[in-house]
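# Coordinate inspection notes
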Amino acid sequence: MGLLSNRVRKESLKPGDHIYSWRTAYIYSHHGIYVGDNKVIHFTRRGQEVGTGTVLDLLLVSSGPAQPQVPCQTCTAREEGNGVVSSCLNCFLAGGILYRFEYSVSPALFLAKARGGTCTLAVSDPNEIVVHRATYLLNNGFGCYNVFKNNCEDFAIYCKTGLLVLEEGRIEGRIGRSGQAVSIIGGPLAAVLSTPLRLVTTNIYGMAATAVGVYCASRFAADIGMRKDVAKVEVEDLTRRLATGLLQVVEPGTIVLPPAPPSNH
């Protein structure tokens, strides 16, 4: 791994590693947790690697790997289950290159990675805890998939850190964990926010520099390792609340924790 690439060899993988592989034309990358024995646990949208439920899926699905004509005998059937599936490493990669997501990177290295979804400032938990979370979620689910709010990268980051975003007592699977989602939103946002500079300068280089600065700042502030509105949530508590309705799905990818009962004091 290094400044320009997180590419690794299969032989270097350890159980608990967060891995990913870019799909066609680098449109998106698919993320998962390597759990050993050549197996990867990852989060999908009803068996598809990525999806929005809109016409955008025509582009996303066409960029994804083709479904094999002969199903792999070692992988969980993707059309079954709760969206969290187990695949062999080869099926997960689907012919793509293997990369390892980096944790505890320095701010300088984080900003040097121009595209999100490759590293974070957050600290990873021990590998055995990561594997436990991924395995537990394989059996119990991770809520509703949403490409912008609760995707495969969000799943892998939660397994590695146990962190979820809070807002006024609510736990939400929204932008803040997934670097890919922040990059998709941050690029256009930076362009919009830098547009007023045209009123004071016609220097295209100055406007470009400002847009890059806004983009980098948005990525940095939204990273799970920098946010103050996050909390550690045990995986058993997360799935128990989902199963019993104590965590309510308000919209795809958003989960809400009900208010605490009033105090007896």
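Residues numbered from 1 in each chain as written. Predicted model: local features only at pLDDT ≥ 70, side-chain atom pairs only at ≥ 80, totals over all residues. Heavy atoms only, no water.

## A few points about the side chain of S21
Selection criterion: A run of H or I in DSSP counts as a helix once it spans at least four residues, and a run of E counts as a strand once it spans at least two, with each numbered from the N terminus. Categorising residues by exposure relies on relative accessible area from a 1.4 Å probe, with only protein chains included: less than 20% of the type maximum marks a residue as buried, more than 50% marks it as exposed, and the intermediate range marks it as partly exposed. Side-chain atoms alone can form a polar contact between residues adjacent in sequence; in general such a contact is a pair of N or O atoms within 3.5 Å, and within protein one must be able to donate a hydrogen while the other accepts it. It only takes one pair of heavy atoms within 4.5 Å for two residues to be counted as in contact.
Topologically, S21 is positioned in strand β1 (residues 18-22). The exposure class assigned to S21 is buried, which follows from its relative accessible area of 0%. A polar contact is formed between the side chain of S21 and the backbone oxygen of I97, at a distance of 2.9 Å. Other than its neighbours up to four places away in sequence, S21 contacts Y28, S29, H30, L93, G96, I97 and Y99.

## Things to note about the pattern of salt bridges
Rules: Salt bridges, as used here, are contacts in which a Lys or Arg side-chain nitrogen is within 4 Å of a carboxyl oxygen on Asp or Glu.
Applying the stated rule across the entire model yields seven salt bridges. Ionic pairing is found between D125 and K232, a salt bridge with its closest N-O pair at 2.9 Å. With D125 in the loop between α3 (107-112) and α4 (127-140) and K232 in strand β8 (residues 230-232), the pair connects residues that are 107 residues apart, well separated along the chain. Look at D125 and you get buried, because its relative accessible area is 15%. The shortest N-O distance in the salt bridge between D237 and R240 comes to 2.6 Å. On the criterion of helical spacing, the pair formed by D237 and R240 is a turn pair, its members being three residues apart in helix α8 (residues 235-244). The exposure class of D237 is partly exposed, given its relative accessible area of 24%.

## Observations regarding the sheet that holds strand β3 (residues 39-43)
Paired through their backbone hydrogen bonds, the strands of a sheet run either parallel or antiparallel. Heads up, the condition is: Two strands are said to pair when DSSP picks up at least two bridges between them. Lines fitted to C-alpha atoms define the axes here, with helix axes fitted over just the stretch in contact, and angles between the N-to-C directions of these axes take values from 0 to 180 degrees.
Sheet architecture is open: five strands sit in the order β4-β3-β2-β1-β5, paired in antiparallel fashion. The open sheet has two free edges, formed respectively by β4 (84-88) and β5 (99-100), since each of these has just one partner strand. Where strand β2 (residues 29-36) and β3 come together, three bridges link them in antiparallel fashion. What sits directly across from Y34, in β3, is V40. The strands touched by α4 are β2, β3 and β4; relative to β2, the strand with the most contacts, the crossing angle is about 110°.

## Thoughts on helix α5 (residues 152-161)
Of all ten residues making up α5, ten are buried, and the element is well covered by its neighbours. Along α5, the positions that sit buried rather than exposed are C152, E153, D154, F155, A156, I157, Y158, C159, K160 and T161. With a side-chain oxygen positioned 3.0 Å from the backbone nitrogen of E153, the residue opening α5 is N151. Positive backbone phi, at 75°, marks G162, one or two positions downstream of α5.

## Focus: the environment of R7
With respect to the secondary-structure elements, R7 resides in the segment before β1. By relative accessible area, R7 is classed as exposed at 51%. Spatially, the C-alpha atoms of R7 and F101 are 9.2 Å apart, while their sequence positions differ by 94 residues.

## Some words on the packing of α4 against α5
The geometry of a pair of packed helices is captured by two quantities: the angle between their axes and the separation between those axes. Put simply, the rule reads: Small angles under 35 degrees read as roughly parallel and large ones over 145 as roughly antiparallel, with 65 to 115 read as roughly perpendicular and the rest as oblique. Rotating anticlockwise by less than a right angle from the far helix to the near helix defines a left-handed crossing, while the corresponding clockwise rotation defines a right-handed one. Residues are sorted three ways: Asp, Glu, Lys and Arg are charged, Ala, Val, Leu, Ile, Met, Phe, Trp, Tyr, Cys and Pro are nonpolar, and all the rest, Gly among them, are polar.
Interhelical geometry of α4 versus α5 gives an angle of 135° and a closest axis separation of 7 Å. In terms of axis orientation, α4 runs oblique to α5. By crossing handedness, the relation of α4 to α5 is classed as right-handed. Residues N127, V130, R133, A134 and L137 of α4 form the contact with α5, whose own contacting residues are F155, Y158, C159, K160 and T161. For the contact of α4 with α5, a count of residues per class yields six nonpolar, two polar and two charged.

## Thoughts on the side chain of H42
Within the secondary structure layout, H42 lies in strand β3. Polar side-chain contacts of H42 include one of 2.7 Å to the side chain of H30. A polar contact of 2.8 Å, which involves the side chain of H42, links it to the side chain of S87.

## Quick notes on α4
This is how it is decided: Working rule for helices: expected span equals 1.5 Å times residues minus one. The arc under discussion is defined with respect to the helix axis, by the directions toward the C-beta atoms.
Here α4 contains 14 residues, and its C-alpha end-to-end distance of 20 Å stays within 8% of the 20 Å for a straight helix at 1.5 Å per residue. Listed in full, the buried residues belonging to α4 are V130, V131, R133, A134 and L137. Seen from one end, α4 has its buried residues packed into an arc of 160°, which puts them on one side. Pointing more than 90 degrees away from the buried face of α4 are the exposed residues E128 and N139. At the C-terminal side of α4, G141 shows a positive phi close to 90°.

## Structural notes on the nonpolar core
This is how the line gets drawn: Nine residue types can take part in a nonpolar core, namely buried Ala, Val, Leu, Ile, Met, Phe, Trp, Tyr and Cys, and a core is a set of them joined through side-chain atoms within 4.5 Å.
Among the nonpolar cores identified, the biggest contains 20 residues, and I33, L137, F142, F155, Y158 and C159 are the most heavily contacted of them. Every element with two or more residues in this core is listed here: β2, β3, α4, α5 and α8. In this structure, F101, Y103, A122 and V165 belong to the second largest nonpolar core, which totals ten residues.

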